[in-house]
Amino acid sequence: MSTIRRILDPDPVASLVDYTNDRGGDALAAAARVDRGAVIDTVTAAGLRGRGGAGFPTGRKWATIARSLQGASIPVVVNAAEGEPGTFKDRTLLRRNPYRVLEGACIAARSVGADTIIVAIKASFTHEIDRLTEAIDEITAAGWTDGLTVSVVAGPGEYLFGEETAMLEVIDGRPPFPRVVAPYRRGVATDPDRPRHDGTVALVDNVETLANVPGIVLDGAEWFRSVGTVDSPGTIVCTVTGSTERAGVGEYEMGTPIGQVISELGGGLQAGAHVAAVLGGVSSPPLDGTALETPISYEAMALAGSGLGSASFIVIDDTTSIRSVAAGVARFLSVESCGQCVPCKRDALAIAEAMRTNGDRTAIDDALSTVTRGARCALAGQTERVVGALVRLADSLGEPDDPVEPYPILPMVDLIEGQAVLDTSHLDKRADWTRVGEEPDSDEWPVERLANQPTEATAVHVAEVDLRRAEPAELPDIDVFAPVRELHATLERQVARVRTAPSDRVHAELAELREQIERHRRVSERLLYPLLERLEPEIGDDVSWYPEHREAHAARLAERLDLGTMPVTTHLLDELCADIHVSIIELDQRVLPLLAAHVAGDTGEERLIAGDIVDEITDR
Ligand SMILES: Cc1cc2nc3c(=O)[nH]c(=O)nc-3n(C[C@H](O)[C@H](O)[C@H](O)COP(=O)(O)O)c2cc1C
Ligand code: SF4
């Protein structure tokens, strides 16, 4: 067995004393002796990337949060939701050693200047909640949390609870519906005396990410980088389930071939069976069975057309219909979609239904091509990429387009003696998040059934802005902003083209996207934002800040991807598309209505503005 021991203790650490006897707490003490910025610099130099799935650089995230803080009180949120099918690594880490995760969270809190730690975990994870509660009492008594409030928030079982903005919604007492606004832009209402949406930020980090922090602080960035690859330093805790002899969780150096991880943790397949595909939960497209030499690193998995995600490897053998696996992923994601973005829920349900009942390929392909339109979170992109790739793999294996029973793609409840216990009750979960036998089917989507307040309005709230002024105004007689909305629609279509382009077309589509972004920026930066500042001097800056930054980020990313200075990975494409979607939503829902309220008429001035917009778009 070539597992490595850095963060996954071989046996449960029974008490804080046992942990401190093994250098536990030393990193926190070391962090207290240096400047906060120095700790962030070390984490940045180590190249630690978030283990919650997206692989975002942790040091960069901490630095952004520390910069945006400006004296406000903010929480560090430990993401312990672990809802990815086929993943059990965060719970294993918490069962074995909650102290290491909490030490990482305390260091994070100190480094970014947070005053609160909230561990957000599913209420059903009772074993881990007990372990955490005891550990929090122990570290509090030991003085680790001086100056900090630490709490555990038990949340719902929904997959979206793990999505960071939905998690903040839950902490604020609302259903797990993702926000448009990112955690570094809006956090949670930790102080009851302050207005609920006061513009404070939050730092959300995954359990495993935080478990890596004490080692980095104590032994340094070079030590951390002494295993793994340049772009994926360190180790990763993997879960293997599916058609293997057993299920298992183990810590491996980044760069280990995936086939080795599968055979060591999974103990091989049944006699005569071969690996047909390895599914990265429901987040990454599958690797086919011929790619088992692929190293487990962010860059190698992306190059192979998949993704590392949360290192959940569901092994599918060659006796299983790949189309049924596609149907299983579609079923899971269609149920878990919240329905705030119509195409995400509607199209995923259509795909799942077609796969199960008639295999209608035109309907499936059509829905796959529209499912991400206007999506505010990454779930819709998962449907497009993972289901789409599985359908193509099934085609390449010569599987017919027949209807299939969905393969059970389900969250894990436990891992007992090498056997994965799956949440089979999920098969009774309906699209409205009710369960057969418990409640009647409401025939609504979760967003309609559960939102008894306008989450849309709160979700787009940015800083201290009077929302009443942002309500959609009547459109003027001549719709001054119609060309801008058309430009938005064109951008959305181009985003879809980039995401669905075959690899030999991606760069051409990216080049076109870059041009469109530039055209759009000319309009917003030369006309819309200056106009907003003039007409709404008190709030103009605040309202334009977010879309402006997201669009600038999208422009930089598109340029790097197009010029080849960054590899075209699914995660980077997701990031690019999310930036564009969010800036469009902010513009459509906040900036344009505010402007429209001032120019609602058919005067000469409005005509001039409309003409200017058209000129900028056409670059005359
Ligand atoms: C649909 C969805 C579900 C997610 N579920 C989880 C989860 O269960 N646990 C987790 O740590 N991150 C999850 N994430 C990722 C989080 O949104 C976020 O990226 C992560 O908490 C950031 O922490 P990190 O930088 O340490 O990875 C999910 C994302 C999406 C889009
Ligand atoms: S993309 Fe899907 S899951 Fe995400 S917010 Fe929109 S409807 Fe909900």
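Think of each chain on its own: its residues are numbered from 1, step by step along the sequence as written. Chains and ligands are labelled sequentially in the order written, the chains with letters from A and the ligands with numbers from 1. Given that this is a predicted model, residues contribute local features only at a pLDDT of at least 70 and side-chain atom pairs are listed and counted only at 80 or more, while totals for whole chains, interfaces and linings are drawn from all residues. Derived side-chain values reflect all non-hydrogen atoms in the structure, with water molecules and hydrogen atoms excluded from consideration.

A. Looking closely at a nonpolar patch on the surface. A patch consists of residues whose relative accessible area exceeds 30% and which take part in no salt bridge; residues with like charges are grouped when within 9 Å of each other, and nonpolar side chains (Val, Leu, Ile, Met, Phe, Trp, Tyr) when within 5 Å. Here the Shrake-Rupley method, with its probe set to 1.4 Å, supplies the accessible areas, and only the displayed protein chains count as covering residues. Any Lys or Arg side-chain nitrogen located within 4 Å of an Asp or Glu carboxyl oxygen qualifies as a salt bridge. Residues Val 413, Ile 416 and Val 421 make up a contiguous nonpolar surface patch of about 220 Å² in total accessible area. Helix numbering and strand numbering both begin at the N terminus, where a helix is a DSSP run of H or I of at least 4 residues and a strand a DSSP run of E of at least 2. On the secondary structure map, Val 421 appears in strand S11 (residues 419-422).

B. Just empty space enclosed by the protein, in detail. Note on definitions: the grid is 1 Å and covers protein atoms alone; a cavity is a set of points where a 1.4 Å probe fits but cannot get out; a pocket is an open set with protein on both sides within 12 Å along at least five of seven lines; lining residues have an atom within 4 Å of a point. Grid points are joined across faces, edges and corners, and a volume is the space filled by probe spheres set on the points. This structure, assessed with the given rule, holds three cavities of 30 Å³ or more. Taken as a whole, the largest cavity spans an internal volume of roughly 80 Å³. Considering the residues around the largest cavity, the lining is formed by 13 residues, among which Cys 338, Cys 341, Cys 344, Arg 376 and Cys 377 are closest to the centre. When residues are sorted by character, Ala, Val, Leu, Ile, Met, Phe, Trp, Tyr, Cys and Pro go into the nonpolar class, Asp, Glu, Lys and Arg into the charged class, and all the rest, Gly among them, into the polar class. Here the lining of the largest cavity is built from residues that sort into nine nonpolar, three polar and one charged. In this structure, the second largest cavity occupies an estimated 50 Å³ of space. Counted by class, the lining of the second largest cavity contains four nonpolar, one polar and four charged residues.

C. Structural detail: unusual backbone geometry. We note that Arg 23 has phi near 75°; this positive angle belongs to a residue other than glycine. Looking at where Arg 23 falls in the secondary structure, it is placed in the loop between helix H1 (16-21) and helix H2 (26-33). Arg 23 gets classed as partly exposed once you look at its relative accessible area, which sits at 45%. Each residue gets one of three labels from its accessible area relative to the maximum for its type: buried under 20%, exposed over 50%, partly exposed in between, using a 1.4 Å probe on protein chains only.

D. Quick peek at the pairing of strand S9 (residues 312-317). With six of six residues buried, S9 lies mostly within the body of the structure. Because side chains alternate across S9, one face comprises the buried residues Ser 312, Ile 314 and Ile 316, and the other comprises Phe 313, Val 315 and Asp 317, equally buried. The pairing of strand S5 (residues 235-242) with S9 spans four bridges and is classified as parallel. The residue of S9 that forms the bridge with Thr 241 is Ile 314. Should DSSP find at least two bridges between two strands, the strands are regarded as paired.

E. Representation of the site of ligand 1 in the model. Here a residue counts as near a molecule or strand whenever at least one of its heavy atoms sits within 4 Å of it. With respect to spatial proximity, 19 residues lie near ligand 1, and among them Gly 52, Lys 61, Asn 79, Asn 206 and Thr 209 are the closest. Measuring from an oxygen atom of ligand 1, one finds a backbone N or O atom of Arg 51 at 3.4 Å. The term polar contact refers here to a pair of N or O atoms within 3.5 Å; inside protein, the definition further demands a hydrogen-donor-capable atom paired with an acceptor-capable atom, and it admits residues adjacent in sequence only when both atoms are side-chain atoms. Here Glu 82 contributes a backbone N or O atom positioned 3.2 Å from an oxygen atom of ligand 1. For ligand 1, whose free accessible area comes to 620 Å², the fraction covered by protein is 91%. Top contributing element to the shell around ligand 1 by residue count: strand S4 (residues 203-206), with three residues. Taken together, the residues of the shell around ligand 1 break down into five nonpolar, eight polar and six charged.

F. Representation of the sheet that holds S4 in the model. Pairing is parallel across the open sheet formed by four strands, whose spatial order is S3-S2-S1-S4. Every interior strand has two partners, whereas the edge strands, strand S3 (149-155) and S4, have only one. If you compare each strand with its neighbour and ignore which way they point, the axes differ by 25° on average. Here strand S1 (residues 75-80) runs beside strand S2 (residues 116-122); their pairing, made up of six bridges, is parallel. Residue pairing in the sheet places Pro 75 in a bridge with Thr 116 of S2. Strand contacts of helix H7 (residues 126-141): S2 and S3, with the helix running at about 165° to S2, the strand carrying the most contacts. Throughout, a residue-residue contact means that at least one pair of heavy atoms, one from each residue, lies within 4.5 Å. Here an angle of 0 to 180 degrees is reported between the N-to-C directions of two axes, which are lines fitted to C-alpha atoms, with helices fitted over the stretch in contact. Contacts from helix H9 (residues 207-225) reach S1 and S4 within the one sheet, and its direction differs from that of S4 by about 90°.

By themselves, these observations are geometric and do not establish any function.
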